[in-house]
Amino acid sequence: MSAHAHVTQPSDRGGIATSGALAPETVSPQPKLRGHMPALDGVRGLAILMVLLLHFVGSTLPTNWVERTIVGVTNYGSYGVELFFILSGFLITGILYDARNQPHYFRNFYMRRILRIFPLYYGVLAILFFVAPLIPLLRGPTLDYLVDRQAWAWLYAVNIHIAMHGEWSLSYIDHFWSLAVEEHFYLFWPAVVFLLARWPRALIAVSLAAVLCAMLARLTGSLMGLSWWTTYVLTPFRLDGLALGAFLAVMARQQGGLERLVRALLPVVVVVGGLLAITFVWTRLVSHEGLELVLPVRAALILVLLACLLVWALIAPERSATSRFFRSRCMVFLGTYSYGLYVYHHFISYYLTINRTELELAQWLGSHGAAVVLQATVGTLASLAVAYLSYELFERRFLGLKRLFETTPPHLAADAPTEEAVAKASR
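Now for a description of the structure that goes with this document. (Residues numbered from 1 in each chain as written. Predicted model: local features only at pLDDT ≥ 70, side-chain atom pairs only at ≥ 80, totals over all residues. Heavy atoms only, no water.)

### Observations regarding the overall build of the chain
Convention followed: Counting from the N terminus, the helices are DSSP H or I runs at least four residues long and the strands are E runs at least two residues long. Remark: exposure states derive from per-residue accessible area (1.4 Å probe, protein chains only) relative to the maximum for the residue type, with buried under 20%, exposed over 50%, and partly exposed in between. Contacts are residue-level and defined by heavy atoms, with any inter-residue pair within 4.5 Å sufficient. Computed by Shrake-Rupley with a 1.4 Å probe, the accessible areas treat only the displayed protein chains as cover when residues are assessed.
Helix and strand content of the chain: 19 helices and zero strands. Expressed as a percentage of its 427 residues, the buried residues of the chain come to 54%. Summarising the internal contacts of the chain: among those between residues at least 6 apart in sequence, 75% fall at separations of at least 24. About 19200 Å² of surface is accessible on the chain, with carbon and sulfur atoms providing 69% of the total.

Below is the structure:
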């Protein structure tokens with residue numbers, strides 16, 4: 001296989017040549033798989049929006065059936081993390097696969113990841129553990145508890161601590177569990193891609209095997225009675241999203257690979273969507289028993305649908321409603337600052353949740369629903385403001401150094417991932 005994998009060529013009609021469910025005119029011309037993919041900014045924006053809804057709305061106490069419905073729906077915002085995993089697996093594997101024959105493969109990848117991830121992550125930890133204890137207003141048992149257990153955060157082991165204690169045990173930094181999972185993935189996946197890239201079919205098989213093993217591990221663990229926390233946060237149980245994204249990245253770069261993904265898209269959505277509907281019918285109308293089987297299966301089905309969403313976002317015609325949504329200024333803006341948003345927002349949402357500030361607001365406004373809307377809006381805007389300032393004033397300084405570790409030869413610089421594009425590869 002050459003250094004730059006061939007992909008399906010556009011058909012004479014300007015779309016991906018297909019035969020089957022999706023006609024050529026229903027998809028965009030061959031999407032560029034190297035460099036900045038604008039639609040994926042919006043996918044990332046959707047992922048962080050789901051997480052924001054989960055923590056700012058889904059964590060509130062409902063007071064009537066309408067609010068119970070809204071809280072129930074927004075609790076599915078937890079799948080925003082799954083969408084992040086799929087997107088990260090897709091982008092990171094694509095970068096690794098495209099750079100497989102370039103010099104300094106490992107050095108360039110890890111230095112670029114360090115420059116993107118570590119400054120914000122460790123900067124926040126430094127403020128939390130070294131600066132916050134010096135401020136009397138912030139002192140208290142919650143902060144003391146975190147300071148005493150700070151090693152788990154420094155070592156990217158928040159998910160392990162949560163699994164060991166069987167609860168969200170680290171308050172303000174509980175959400176760092178997903179960052180730990182991604183970091184663990186980065187430790188071994190570059191070597192996997194490097195060793196198997198010359199045999200793309202083997203790499204595709206390994207990716208799919210990892211997806212299947214993680215899904216089966218969650219299902220088996222649930223049936224065996226393992227703690228929900230164990231199967232939800234520990235890395236071996238959460239590799240399916242990352243590996244599914246990796247599969248899509250490698251498959252799309254093979255001759256005819258993207259065409260096959262497009263042909264399979266509609267049948268997969270129909271079948272998986274039907275099975276997902278059955279799981280809801282079962283739990284809502286038939287029986288609440290057997291949840292240890294139904295819930296892991298439901299999670300796997302939703303994961304597959306999210307992967308289909310990513311593919312559709314890539315191939316959707318530029319003027320389609322799907323493309324306009326994902327390329328809209330709002331979604332792109334959210335996607336641009338999604339990493340900072342993810343890191344910072346939970347400090348605000350956790351404080352609001354444990355203090356039940358929406359109940360106090362409800363007394364003042366005379367409406368609990370209005371209080372939730374106001375609180376969620378203010379919390380989201382505050383998170384956006386902090387994330388924006390952090391990115392523009394702090395993170396950009398480190399991102400500029402990534403040019404020292406380019407992964408693409410000069411003659412391909414026009415197609416190389418832009419600073420912005422690669423910077424957004426993780427939350």
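From this point, the narrative continues.
### Section: helix α4 (residues 105-131)
Note the cut-off: Expected span of a helix: the number of residues minus one, times 1.5 Å. Throughout, bend refers to the angle between the axes fitted to the seven residues that end at a position and the seven residues that start at it.
Compared with the 39 Å implied by 1.5 Å per residue over 27 residues, the 37 Å span of α4 between its first and last C-alpha is a close match. Where α4 bends most, at F118, the angle is about 40°, and the proline P119 comes one to four residues later.

### Some words on unusual backbone geometry
Notably, S171 is not glycine yet its phi reads approximately 40°, a positive angle. In this fold, S171 is placed in the loop between α7 (158-165) and α8 (176-196). Accessibility expressed as a relative area gives 7% for S171, which makes it buried. With phi around 45°, R356 is a residue other than glycine that occupies positive phi space.

### Here's the deal with the pattern of salt bridges
Test applied: Basic side-chain nitrogens of Lys or Arg form a salt bridge, by our definition, when they fall within 4 Å of a carboxyl oxygen of Asp or Glu.
In the structure shown here, the tally under the stated rule is nine salt bridges. The salt bridge involving R112 is made with E406; its shortest N-O contact spans 4.0 Å. Here R112 is found in helix α4, whereas its partner E406 is found in the loop between α18 (368-399) and α19 (419-423), with 294 residues between them in sequence. By relative accessible area, R112 is classed as buried at 6%. On the basis of relative accessibility, which here comes to 38%, the residue E406 falls in the partly exposed class. Of the charged contacts in the structure, one is a salt bridge between R396 and E392, with a shortest N-O distance of 2.8 Å.

### Quick look at the nonpolar core
This is how the line gets drawn: Throughout this description, the term nonpolar core refers to a set of buried Ala, Val, Leu, Ile, Met, Phe, Trp, Tyr and Cys residues connected via side-chain atoms within 4.5 Å.
The biggest cluster of nonpolar side chains holds 111 residues, and the ones touching the most others in it are L40, F90, I173, F176 and W177. In terms of residue count, the dominant contributor to this core is helix α13 (residues 291-315) (13 residues). Sequence-distant contacts of W177, that is, excluding residues within four places in its chain, are made with V81, F85, V158, N159, I162, W168, Y232, V233 and R238.

### Some points on the packing of helix α3 (residues 79-98) against α8
Definition in use: Axis geometry follows a simple rule: fit a line to the C-alpha atoms, using only the stretch in contact for helices, then measure angles between N-to-C directions, giving values from 0 to 180 degrees. For classification purposes, angles smaller than 35 degrees are called roughly parallel, those larger than 145 roughly antiparallel, those between 65 and 115 roughly perpendicular, and all remaining angles oblique. Working rule for handedness: look at the near helix, and if it is turned counterclockwise from the far one by less than a right angle, call the crossing left-handed; if clockwise, right-handed.
At a minimum axis separation of 11 Å, α3 and α8 run at an interaxial angle of 25°. Relative to α8, the element α3 is oriented roughly parallel. In the crossing of α3 with α8, the sense of the turn from one axis to the other is right-handed. When α3 is examined against α8, the residues V81, F84, F85, S88, I92, T93, L96 and Y97 are found in contact with a partner set consisting of W177, S178, V181, E182, Y186, W189, P190 and V193.

### Some remarks on the packing of aromatic side chains
Stated precisely, the cut-off is as follows: Note on aromatic pairs: the rings of Phe, Tyr and Trp (six-membered ring only in Trp) are paired at centre separations within 6.5 Å, and the planes decide the class, stacked below 30 degrees, edge-to-face beyond 60, tilted for the rest. The rule for a charge over a ring is simple: NZ of Lys or CZ of Arg within 6 Å of the ring centre, and within 35 degrees of the ring normal.
Under the counting rule described, the total for this entry stands at 36 aromatic pairs. Ring centres of Y172 and F347 lie 6.2 Å apart, and the angle between their planes is 10°; on these two criteria the pair is classed as stacked. In this pair, Y172 is assigned in the loop between α7 and α8 and F347 in helix α16 (residues 338-354), connecting sequence segments 175 residues apart. Above the ring of Y232, the side-chain terminus of R238 is found at 4.6 Å from the ring centroid. The ring of F280 has R298 lying over it, and the distance from NZ or CZ to the ring centre is 4.0 Å.

### Re helix α1 (residues 38-56)
When the terminal C-alpha atoms of α1 are compared, their 27 Å separation across 19 residues agrees well with the 27 Å that a helix rising 1.5 Å per residue should span. Among the 19 residues in α1, 16 count as buried, and that is most of the element.

### Here's the deal with the environment of L219
Along the chain, L219 turns up in helix α9 (residues 200-224). Non-local contacts of L219, meaning those with residues more than four positions away in its chain, are made with E292, L293, P296 and V297.

### Section: the packing of α3 against α13
For clarity, the cut-off: Classification convention: Asp, Glu, Lys, Arg as charged; Ala, Val, Leu, Ile, Met, Phe, Trp, Tyr, Cys, Pro as nonpolar; all other residues, Gly among them, as polar.
Direction vectors running N to C along α3 and α13 enclose 55°, while the axes themselves pass 10 Å from each other. Taken together, the axes of α3 and α13 lie oblique to each other. Helix-helix and strand crossings are classified by hand; for α3 and α13 the assignment is right-handed. The residues of α13 that touch α3, namely those facing Y79, E82, L83, I86, L87 and F90, are A299, I302, L303, L306, A307, L310 and L314. Among the residues making up the contact of α3 with α13, the classes are represented as 12 nonpolar, no polar and one charged.

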